[in-house]
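Chain by chain, the residues:
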Amino acid sequence: MSRTERSPITGADASGTPDLPTLTAEVDAALVQLGDPAIPEGNHEYVRGAHQALAWICGQRDQAA
């Protein structure tokens, strides 16, 4: 995900190496946010990019983000 203390979408504690369920939870949270019509435009692009990258890492996409 990154070298921060928080996950990119949920803001959950990100200490250590994330496991697949943690990464998948981030993908799911990103999808929920992308479906929210009230998401600010600047946040939409960030969340979409994070979703694409995380989905690729989790094997849910066959092309790199």
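One can find the structure itself at the top, above this paragraph.
Residues numbered from 1 in each chain as written. Predicted model: local features only at pLDDT ≥ 70, side-chain atom pairs only at ≥ 80, totals over all residues. Heavy atoms only, no water.

Draft legend 1. Quick peek at the packing of helix α1 (residues 20-34) against helix α2 (residues 41-57). For the pair α1 and α2, the least separation of the axes is 9 Å and the interaxial angle reads 145°. The interaxial crossing formed by α1 with α2 has left-handed handedness. The segment α1 lies against α2, with L23, E26, V27, A30, L31, Q33 and L34 engaging H44, V47, R48, H51, L54, A55 and I57. (Axes fitted to C-alpha atoms, helices over the stretch in contact; angles between N-to-C directions. Helix = DSSP H or I, 4+ residues; strand = E, 2+ residues; numbered from the N terminus. Left-handed = near helix turned anticlockwise from the far one by under 90°. Contact = heavy atoms within 4.5 Å.)

Draft legend 2. Quick look at the pattern of salt bridges. Within the structure shown, the criterion is met by one salt bridge. The shortest N-O distance in the salt bridge between R48 and E45 comes to 2.4 Å. Of this pair, R48 and E45 both sit in helix α2, three residues apart, roughly one helical turn. R48 gets classed as partly exposed once you look at its relative accessible area, which sits at 33%. Overall, the relative accessible area of 39% leaves E45 in the partly exposed class. (Salt bridge = Lys/Arg side-chain N within 4 Å of Asp/Glu carboxyl O. Buried < 20%, exposed > 50% of the residue type's maximum accessible area, 1.4 Å probe, protein only.)

Draft legend 3. Fine view of α1. End to end, α1 covers 21 Å across 15 residues, agreeing with the expected 21 Å (1.5 Å per residue, within 8%). Buried residues along α1 sit in contact with α2. (Expected span 1.5 Å × (residues − 1).)

Draft legend 4. Inspection of the nonpolar core at higher detail. Ranked by size, the top nonpolar core spans 10 residues in total: I9, L23, V27, A29, A30, I39, V47, A50, L54 and C58. Those elements giving two or more residues to this core turn out to be α1 and α2. Looking at this core, the element that brings in the most residues is α1, giving four residues. (Core = buried A, V, L, I, M, F, W, Y, C linked by side-chain atoms within 4.5 Å.)

Draft legend 5. Quick look at the environment of I9. With respect to the helices and strands, the residue I9 is situated in the segment before α1. Judged by its relative accessible area of 11%, I9 is buried. For the pair I9 and H51, spaced 42 residues apart in the sequence, the C-alpha separation amounts to 8.7 Å.

Draft legend 6. Geometry of the side chain of E26. Within the secondary structure, E26 sits in helix α1. A distance of 2.8 Å separates a polar atom in the side chain of E26 from the backbone nitrogen of I9. (Polar contact = N/O pair within 3.5 Å; in protein donor to acceptor, adjacent residues only side chain to side chain.)

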